[in-house]
Amino acid sequence: MTTEQPSKVIHVRNVGHEVSEPDLLQLFQPFGVINKLVMLRAKNQALLQMQDVPSAVSAMQFYANKQPTIRGRNVYVQFSSHQELTTVEQTTQGRVDEPNRILLVTIHHMLYPITVEVLHQVFSPHGYVEKVVTFQKSAGFQALIQFQSRQSAVAARNSLQGRNIYDGCCQLDIQFSNLEELQVNYNNERSRDFTNPSLPSEQKGRPSQPGYGDAGASYPSQINNVAAIAAAFGGNLPPGISGTNDRCTILASNLNPDRIDEDKLFNLFSLYGNIVRIKLLHSKPDHALVQMGDGFQAELAVHFLKGATLFGKRLEVNYSKYPNITMGPETHEYLNSNLNRFNRNAAKNYRYCCSPTKMIHLSTLPQDVTEEEIVSHLEEHGSIVNSKVFEMNGKKQALVLFENEEQATEALVCKHATPLADSMIRISFSQLQTI
């Protein structure tokens with residue numbers, strides 16, 4: 001392995017059909033930012049481009065000493081002969097898909113109505129969405145989504161392809177469109193130009209988008225964002241949650257400046273939504289700004305984290321007067337982080353939202369992990385009262401009960417997304433009272 005010419009592109013072999021893009025991202029994400037991933041399904045291979053050569057070298061050195069495995073399958077890594085991946089990707093159908101800032105989205109297994117607002121909520125964490133048009137075709141319910149930049153569209157497709165909007169249904173099938181610009185005539189439930197809020201709603205008796213196909217009357221046109229979000233909670237929003245907040249940026253204060261950092265804040269706030277950016281305020285070291293993916297996710301974070309205790313401090317969590325965090329040298333960008341939890345199974349993740357508890361739930365554990373290994377990984381953060389390792393759907397998971405909520409919270413913010421043996425573990429709060 002060491003004799004190969006280093007490259008920021010890594011060639012992965014023995015990638016079985018059960019191996020997904022997120023599985024591969026999880027394997028390499030600890031070593032740096034991943035810019036591109038191309039699955040070569042016909043060959044059971046993948047090509048993955050790190051941000052720079054040192055990141056790729058770190059990954060290769062690590063896996064030279066530890067066999068990388070995904071879902072119990074050994075995969076084999078080497079530097080690619082490519083120094084750079086071209087932007088043209090080969091899809092599973094063997095069709096060349098030229099990246100474009102407009103995505104064509106087909107939704108399969110559509111059990112819930114999908115509106116412009118729902119699509120905007122799903123796609124906007126990956127970049128500024130300018131326009132959305134939905135319509136009914138023989139292939140099913142489809143949408144065209146226009147981003148401000150091609151880079152955002154590529155990131156959205158890489159992250160969301162094949163995922164479900166709601167648990168077990170509304171699966172996204174995403175291709176690049178060959179259109180150059182979407183024409184939007186009306187702002188309503190079926191089409192929206194976010195750059196031109198003054199457009200009228202639809203004239204009666206006329207299809208809103210004759211150019212793309214009639215959106216059809218079979219989908220309720222009055223389902224709003226709150227109803228779509230409520231569907232994720234089984235029909236009812238949690239008590240105290242309105243679903244109508246539109247402020248995305250949160251001010252967290254009374255932090256412990258000696259122990260907090262951006263990644264620890266990410267681990268905590270990402271329980272309630274996708275994180276766009278985080279900035280610690282140097283003028284006030286115990287203050288930080290956290291920009292969530294949308295206003296609803298910000299509302300969940302404020303509601304559930306207000307008054308939580310971390311590193312000996314009782315957190316203050318309020319909405320910021322700033323609509324967003326501007327990019328700068330002190331700003332940490334998480335928009336395209338593979339660790340954002342709400343890119344996949346968003347509805348399921350919403351249902352798990354709660355205030356910090358004494359019990360944490362660990363997933364994506366190594367198949368052969370022992371209870372002792374888990375306890376020793378976490379015990380520095382507090383007194384562990386009880387623990388249990390179990391298997392669900394063939395995957396190892398664990399519950400760990402601490403003496404109090406603060407200890408469990410510290411364990412979560414310090415140990416979420418850390419390696420245990422050859423796996424990157426995920427931690428969330430559990431609402432179970434006992435093991």
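Each remark here, short or long, concerns the structure printed above.
Residues numbered from 1 in each chain as written. Predicted model: local features only at pLDDT ≥ 70, side-chain atom pairs only at ≥ 80, totals over all residues. Heavy atoms only, no water.

Student: For the overall build of the protein, give the residues involved together with the corresponding values.
Tutor: A count of helical and extended segments in the protein gives 10 helices and 27 strands. In the protein, which comprises 435 residues, the share counted as buried stands at 53%. Long-range pairs, those at least 24 residues apart, make up 70% of the contacts in the protein between residues at least 6 apart in sequence. For the protein, the exposed surface amounts to about 20,000 Å²; the carbon and sulfur share of it is 47%. (Helix = DSSP H or I, 4+ residues; strand = E, 2+ residues; numbered from the N terminus. Buried < 20%, exposed > 50% of the residue type's maximum accessible area, 1.4 Å probe, protein only. Contact = heavy atoms within 4.5 Å. Areas by Shrake-Rupley, 256 points an atom, 1.4 Å probe, with all protein chains shown as cover.)

Student: I'd like a rundown of the packing of helix 6 (residues 262–269) against helix 10 (residues 405–415), residues and numbers included.
Tutor: At their nearest, the axes of helix 6 and helix 10 sit 8 Å apart, and the two run at 115° to each other. As for how helix 6 packs across helix 10, the hand of that crossing is right-handed. Between helix 6, through Lys264, Asn267 and Leu268, and helix 10, the contact on the second element is made entirely by Thr409, Leu412, Val413 and Cys414. (Axes fitted to C-alpha atoms, helices over the stretch in contact; angles between N-to-C directions. Left-handed = near helix turned anticlockwise from the far one by under 90°.)

Student: Before we move on, can you summarise the state of the cysteines with the specific residues and values?
Tutor: Tallied over the entire structure, the rule returns zero disulfides. Cysteine Cys353 is unpaired, with the sulfur of Cys354 as its nearest cysteine sulfur at 7.7 Å. (Disulfide = S-S within 2.5 Å.)

Student: Tell me about the packing of aromatic side chains, and name the residues and values.
Tutor: This model, assessed by the stated rule, comprises seven aromatic pairs. Centroid distance Phe31 to Phe62: 5.4 Å. Interplanar angle 50°. Geometry classified as tilted. Of this pair, Phe31 sits in the loop between helix 1 (21–28) and strand 2 (34–40) while Phe62 is found in helix 2 (residues 53–65), placing the two residues 31 residues apart along the sequence. Look at Tyr272 and Phe304: their rings are 5.8 Å apart centre to centre, the planes differ by 20°, and that puts the pair in the stacked class. Taken as a pair, Tyr272 in the loop between helix 6 and strand 16 (275–280) and Phe304 in helix 7 (residues 295–305) lie far apart in primary sequence, 32 residues in all. Accessibility expressed as a relative area gives 1% for Tyr272, which makes it buried. Relative accessible area serves as the criterion here: at 10%, Phe304 is assigned to the buried category. (Phe/Tyr/Trp six-rings, centres within 6.5 Å; stacked < 30°, edge-to-face > 60°.)

Student: Describe in detail the pairing of strand 6 (residues 76–79), supporting the description with residues and values.
Tutor: Alternating residues of strand 6 divide into Val77 and Phe79, all buried, and Tyr76 and Gln78, none buried. With four bridges connecting them, strand 1 (residues 9–13) and strand 6 associate as antiparallel partners. By the bridge assignment for strand 6, His11 is matched with Gln78. (Pairing = 2+ DSSP bridges.)

Student: An account of the nonpolar core is requested, with residue identities and associated values reported.
Tutor: Ranked by size, the top nonpolar core spans 56 residues in total, and within it Phe269, Tyr272, Ile360 and Leu362 carry the most contacts. A total of seven residues in this core trace back to one element, the largest contributor, which is helix 7. Formed by 26 residues, the second largest nonpolar core is a distinct cluster that contains Val154, Ala156, Tyr166 and Cys170. (Core = buried A, V, L, I, M, F, W, Y, C linked by side-chain atoms within 4.5 Å.)

Student: Which residues make up the sheet that holds strand 24 (residues 395–402), and what values do they have?
Tutor: The strand order across the open sheet formed by four strands is 23-24-22-27, and the pairing between neighbours is antiparallel. Strands with a single pairing partner mark the edges of an open sheet, and in this sheet they are strand 23 (384–392) and strand 27 (426–429). On average, each strand axis in the sheet is inclined to that of its neighbour by 20°, with strand direction left out of account. Of the pairings in the sheet, the one linking strand 23 to strand 24 comprises eight bridges and is antiparallel in character. Bridge pairing in strand 24 places Glu391 opposite Lys396.

Student: Requested: an account of the environment of Asn196, with residues and values cited.
Tutor: Along the chain, Asn196 turns up in the loop between strand 14 (191–193) and helix 5 (225–232). As for Asn196 and Lys131, which are separated by 65 residues in sequence, their C-alpha atoms are 9.3 Å apart. Here the side chain of Asn196 touches Ser198 through a polar contact of 2.8 Å, side chain to side chain. (Polar contact = N/O pair within 3.5 Å; in protein donor to acceptor, adjacent residues only side chain to side chain.)

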